Number of protein chains: 2
Amino acid sequence: MVTRRRVTIADVARHAQVSTTAVSKVLRNAYGASPAMRDRVRAAIDELGYRPHAAARAMRGRTFTIGVLLPHIRNPFFADILDGLSAQVAETDYQVIIVAGGAGLKEEVRAIEALVDRQVDGILMIAPLTSRADLDKVAETMPAVVLGRHEKSTAYDAVDDDDEYGASLVVEHLIGLGHRRIGHISQKDASRGRRAALPYSIREETYTRVMREHGLGDEIAVATTSWTEEGGYIGTRELLARSPRLTAIFAGADQAAFGALAAVHEAGLSVPGDISVAGYDNTRMAALDHIALTSVDQDGVVMGRTAGRLLLERVEGRTASVRFSVTPTLVPRRSTAAPPG
Amino acid sequence: MVTRRRVTIADVARHAQVSTTAVSKVLRNAYGASPAMRDRVRAAIDELGYRPHAAARAMRGRTFTIGVLLPHIRNPFFADILDGLSAQVAETDYQVIIVAGGAGLKEEVRAIEALVDRQVDGILMIAPLTSRADLDKVAETMPAVVLGRHEKSTAYDAVDDDDEYGASLVVEHLIGLGHRRIGHISQKDASRGRRAALPYSIREETYTRVMREHGLGDEIAVATTSWTEEGGYIGTRELLARSPRLTAIFAGADQAAFGALAAVHEAGLSVPGDISVAGYDNTRMAALDHIALTSVDQDGVVMGRTAGRLLLERVEGRTASVRFSVTPTLVPRRSTAAPPG
DNA sequence: ACAGCGATGGGTAACGTTACCCATTTCTTG
DNA sequence: CAAGAAATGGGTAACGTTACCCATCGCTGT
């Protein structure tokens, strides 16, 4: 590691026999540079292999960086979102950097601060646990988009899918098949303030509401674990212990549904013969033939792309607040069928 | 977005009635500050909610940032690595930022440059496609650790698992069960220069070598797709078209194995009755009871933690080059058994 | 009492880039 | 052809932090 000094704008200027100001103008496509000078400077840039120093730029304004807060990296649905975002940002000069938030509120705050300290030009927060007031505070500092929360705000843009509709699709589907004893796997609440805004709350509340609407209020059974394979497994074992045994499980996320399938199988029961299982997110695993999990598709790629577009618009100066909502669709597969008997 | 000016070191200095130098000393725990002054300054920092401006620090040296290059985000094995890394870095003042490399060499180069431009203090490159010479060039600029490549270098530290041993475990296992017609699913090469260094090459070559050693050179059948569900699915359909039909498939990664399971199932065949399937990485999905995929465990958490430790050591000044290799173990499950007949 | 030392605090010049100016030169237009 | 406008180029002061220096003070030991 022979810390060789980086090529700077001054080196380029010297090499092209112009001022540093001139080089800066060319870099920024700013007014006041003749075509001839542009060519000279660009040639010098290529010859010396100059690359702008992001930190120095940050001192004076733009960093050309979009920061993403990701709760964790295991959920493949987030990968879809990132794909959409990357596609949107790829053609611009902006670069996406990701910071993992971890499971708790404290880690998440640290992650957001890290992004703010690094002066990103815009921040996309995916399903953040942070309180609304704190989100507003972040959005006061820099352009922000929040994905997956159902609050209205004038400070940031919001992208979400209609979780209420999506969850109702699943529950209605199961009830339509003839199920009555339907369990639900939800996620433990780690957020601060009222729960209502996050997907897991909405899906759970919708489950409860639809069950009641069909006169199945007494059959409501919720296991609150986490939306991971382990969480789904543990939650399902908990639900299976009930008597009389339920005939269907609506896991709030595919990841949890996979764990549910494992637990059902381990208990010597068959899917969908004994128990139907449905998930949410329509991940690629769900589509595989030997799993064939009924799920809800919410097009993460479009959500990510839209979030990117909104963020870039804000960076360019828009201040009016926008909300974009995706309408989910049910994707029935072989993991759900009429109940036994 | 009311771009409120950030609190700076000067604000803190004024508030505490000391010089900016003094504040800087306190922040860095540098020599030349009395306990009394330290307390005053710290109080001012808390009161004003001061946070150091990373870009300004970058101009003068440290950014307290560790950059990670990730090929893509879908492989859950990478999540284990990140967990290990995060755990190692969490107690320090450093922050991990991730940049996704994308599938191609060009995107990867852009991603690495983005990290270099942002002056990260150290960089962890996970299974990079870049040529060895370019890796060395990066490592000349900043402390670097490369994970998952099997080259020796004096410029950077290396962390890997012994892919050759791991792959041989699987193939020997299948042969030991009585299989002869064993197929393999590999990944298309996107790197530059000689292939030998990346896991997919080594696993494939090992498969070929072990087959030959057992006199099964004529039975070698490789489908080269990608290590994703789709890749495994397509590759398996390709392999299943052969006649006589093979009795086992060694997918180079669990993700591909899941796709393989789907394809086998779709073809009306059973696992392991008709065909045995094995993967690599021992992801959580593989452990689930209804999948029970035979796989190879390579402890990504330890790999990530070690990579973090090595990187921090290098940031602190170590220059001697280190290699750390994990020994993988076979995890036999129900997806592999003796061949039919 | 005094040289010499450690402890304490601050002044200042960078780091690389850009926004805002001003000084030329060249082009229009009546 | 004069006068104003447009085009072209450069000088310079920040942005927030830190490394390196110097100045002062109170003690110590002789």
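Residues numbered from 1 in each chain as written. Chains lettered and ligands numbered in written order. Predicted model: local features only at pLDDT ≥ 70, side-chain atom pairs only at ≥ 80, totals over all residues. Heavy atoms only, no water.

## Some words on the relation of the copies chain B and chain A
Point 1. Each copy of the sequence occupies a distinct position, and chain B is placed on chain A by a rotation of 180° and an axial shift of 0.0 Å, giving an RMSD of 0.1 Å. Here the copies are linked by what is in effect a two-fold axis.
Point 2. When the interface residues of chain B are mapped onto chain A, 100% of them again lie at the interface, so the same face is used by both copies. (Least-squares fit on C-alpha atoms with pLDDT ≥ 70 in both. Contact = heavy atoms within 4.5 Å.)

## As for the domain arrangement of chain A
All names here are of chain A.
Point 1. Considered domain by domain, chain A is made up of domain 1 (9-52), domain 2 (65-161 + 300-326) and domain 3 (163-298).
Point 2. Between the C-alpha centres of domain 2 and domain 3 the distance comes to 27 Å.
Point 3. Taken residue by residue, the interface counts 20 residues in domain 2 and 17 residues in domain 3.
Point 4. Between domain 2 and domain 3, a total of about 1,600 Å² is buried, with carbon and sulfur atoms accounting for 53% of that surface.
Point 5. The tally of links between domain 2 and domain 3 comes to 1 salt bridge.
Point 6. Its salt-bridge partner being Asp-80, residue Arg-284 comes within 3.9 Å of it at the nearest N-O pair.
Point 7. Where domain 2 touches domain 3, the interface holds 5 residue pairs in polar contact (both at pLDDT 80 or more).
Point 8. Element by element, the count of residues in the side of domain 2 that touches domain 3 is highest for helix α5 (residues 76-90), at 3 residues.
Point 9. Considering only residue class, the side of domain 2 that touches domain 3 consists of 9 nonpolar, 5 polar and 6 charged. (Domains from an automatic or database assignment. Buried area = accessible area lost by both parts, 1.4 Å probe. Salt bridge = Lys/Arg side-chain N within 4 Å of Asp/Glu carboxyl O. Polar contact = N/O pair within 3.5 Å; in protein donor to acceptor, adjacent residues only side chain to side chain. Helix = DSSP H or I, 4+ residues; strand = E, 2+ residues; numbered from the N terminus. Nonpolar A, V, L, I, M, F, W, Y, C, P; charged D, E, K, R; others polar.)

## Re the interface of chain B and chain A
Point 1. Tallying the contact residues gives 61 residues for chain B and 61 residues for chain A.
Point 2. Summing both sides of the interface, chain B and chain A together bury roughly 5,200 Å²; the carbon and sulfur share of this comes to 55%.
Point 3. Our count for the chain B to chain A interface comes out at 12 salt bridges.
Point 4. Glu-230 of chain A serves as the salt-bridge partner of Arg-284 of chain B, at 3.2 Å between the closest nitrogen and oxygen.
Point 5. Per element, the largest residue contribution to the side of chain B that touches chain A is 7 residues, and it comes from helix α5 (residues 76-90) of chain B.

## Comments concerning the packing of α5 of chain B against helix α13 (residues 300-315) of chain B
Residue and element names in this part refer to chain B.
Point 1. Between α5 and α13, the least distance of the axes is 6 Å, while the angle of their chain directions is 45°. Compared by their axis directions, α5 and α13 come out oblique. Between α5 and α13 lies a crossing of right-handed hand. Along the contact surface, α5 presents Phe-77, Asp-80, Ile-81, Gly-84, Leu-85 and Gln-88, while α13 presents Gly-300, Val-301, Met-303, Gly-304, Arg-305, Gly-308, Arg-309 and Leu-312.
Point 2. For the contact of α5 with α13, the class distribution of residues is 6 nonpolar, 5 polar and 3 charged. (Axes fitted to C-alpha atoms, helices over the stretch in contact; angles between N-to-C directions. Parallel < 35°, antiparallel > 145°, perpendicular 65-115°, else oblique. Left-handed = near helix turned anticlockwise from the far one by under 90°.)

## Observations concerning the protein's contact with DNA strand D
Point 1. Every one of the 24 residues lining DNA strand D counts as a neighbour, but Ser-34 of chain A together with Ile-9, Arg-28, Tyr-50 and Arg-57 of chain B are closest to it.
Point 2. Looking at DNA strand D alone, sugar and phosphate atoms form 60% of those within 4 Å of the protein.
Point 3. Between Tyr-31 of chain A and DNA strand D, the recorded distance is 3.0 Å, taken from a side-chain N or O atom to a phosphate oxygen.
Point 4. Separating a sugar or linking oxygen of DNA strand D from a side-chain N or O atom of Arg-60 of chain B is a distance of 3.0 Å.
Point 5. The dominant element in the surface near DNA strand D, judged by the number of residues it contributes, is helix α4 (residues 54-60) of chain B, at 4 residues.
Point 6. Broken down by class, the residue content of the surface near DNA strand D amounts to 11 nonpolar, 8 polar and 5 charged. (Near = heavy atom within 4 Å.)

## Re the protein's contact with DNA strand C
Point 1. Surrounding DNA strand C, one finds 24 residues, the nearest of these being Ile-9, Arg-28, Tyr-50 and Arg-57 of chain A together with Ser-34 of chain B.
Point 2. At 2.4 Å from a phosphate oxygen of DNA strand C is found a side-chain nitrogen or oxygen belonging to Tyr-50 of chain A.
Point 3. Contacts to DNA strand C include Lys-25 of chain B, whose side-chain N or O atom sits 3.1 Å from a base oxygen.
Point 4. At the level of secondary structure, the elements contributing two or more residues to the surface near DNA strand C comprise α2 (20-28) and α4 (54-60) of chain A together with α2 (20-28) and α4 of chain B.
Point 5. Across the surface near DNA strand C, the residue classes tally to 11 nonpolar, 8 polar and 5 charged.

## Quick look at the environment of Gly-300 of chain A
Residues and elements named next belong to chain A.
Point 1. Topologically, Gly-300 is positioned in helix α13 (residues 300-315).
Point 2. Remark: the alpha-carbon pair of Gly-300 and Asp-161, spanning 139 residues in sequence, is separated by 9.1 Å.
Point 3. Sequence-distant contacts of Gly-300, that is, excluding residues within four places in its chain, are made with Phe-77, Asp-80 and Ile-81.

## Notes on the UniProt feature "domain: HTH lacI-type" (unreviewed entry) in chain A
Point 1. Using the residue numbers shown here, the UniProt feature "domain: HTH lacI-type" (unreviewed entry) corresponds to residues 7-61 of chain A.
Point 2. Helix makes up 69% of residues 7-61 of chain A and strand makes up 0%, while its end C-alpha atoms are separated by 21 Å. (UniProt positions renumbered as here; feature names shortened; annotations may be inferred.)

## A look at unusual backbone geometry
Residue and element names in this part refer to chain A.
Point 1. A cis geometry characterises the amide bond from Val-271 onward to Pro-272, with omega recorded as 0°.
Point 2. Considering the arrangement of structural elements, one finds Pro-272 in the loop between α11 (254-266) and β9 (276-278).
Point 3. Here the phi dihedral of Gln-119 falls at roughly 55°; this positive angle occurs in a residue that is not glycine.
Point 4. Along the chain, Gln-119 falls in the loop between α6 (105-117) and β3 (122-126).

## A closer look at the sheet that holds strand β6 (residues 182-187) of chain A
All names here are of chain A.
Point 1. Spatial ordering of the open sheet is given by β7-β6-β8-β9, a layout of 4 strands whose pairing is parallel. The outermost strands of the open sheet, each flanked by one partner alone, are β7 (221-225) and β9. Strand-to-strand twist of the sheet, defined as the mean angle between neighbouring strand axes without regard to direction, takes the value 20°.
Point 2. As paired strands, β6 and strand β8 (residues 248-251) are joined by 4 bridges and run parallel to one another. Paired with His-184 across the strands is Phe-250, a residue of β8.
Point 3. Across the face of the sheet, helix α8 (residues 163-176) comes into contact with β6, β8 and β9 while running at roughly 175° to β8.
Point 4. Helix α10 (residues 229-240) rests against β6, β7 and β8 of the sheet, and its axis sits at about 145° to β7. (Pairing = 2+ DSSP bridges.)

## A word on the packing of α10 of chain A against α11 of chain A
Packed helix pairs are specified by the crossing angle of their axes together with the interaxial distance, meaning the distance between the axes.
Residue and element names in this part refer to chain A.
Point 1. Following both chains from N to C, one finds α10 and α11 inclined at 45°, their axes separated by 6 Å at the closest point. Put simply, α10 runs oblique to α11. For the crossing formed where α10 meets α11, the hand is right-handed. Mapping the contact onto sequence places Glu-229, Gly-232, Tyr-233, Thr-236, Arg-237 and Leu-240 in α10 and Gln-255, Ala-256, Gly-259, Ala-260, Ala-262, Ala-263, Val-264 and Glu-266 in α11.
Point 2. Per-class residue counts for the contact of α10 with α11 are 7 nonpolar, 4 polar and 3 charged.

## Let's talk about helix α3 (residues 35-48) of chain A
Residue and element names in this part refer to chain A.
Point 1. The first and last C-alpha atoms of α3 sit 20 Å apart over 14 residues, in line with the 20 Å expected at 1.5 Å per residue.
Point 2. Residues of α3 that are buried: Met-37, Arg-38, Val-41, Ala-44 and Ile-45. The buried residues of α3 all sit within an arc of 130° when viewed along its axis, so they share a single face. Turned more than 90 degrees away from the buried face of α3, the exposed residues are Pro-35, Ala-36, Asp-39, Asp-46 and Glu-47.
Point 3. Buried residues in α3 make contact with α1 (9-16) and α2.
Point 4. Trailing α3 by a residue or two, Gly-49 shows a phi angle of about 65°, which is positive. (Expected span 1.5 Å × (residues − 1). Buried < 20%, exposed > 50% of the residue type's maximum accessible area, 1.4 Å probe, protein only. Arc of directions from axis to C-beta.)

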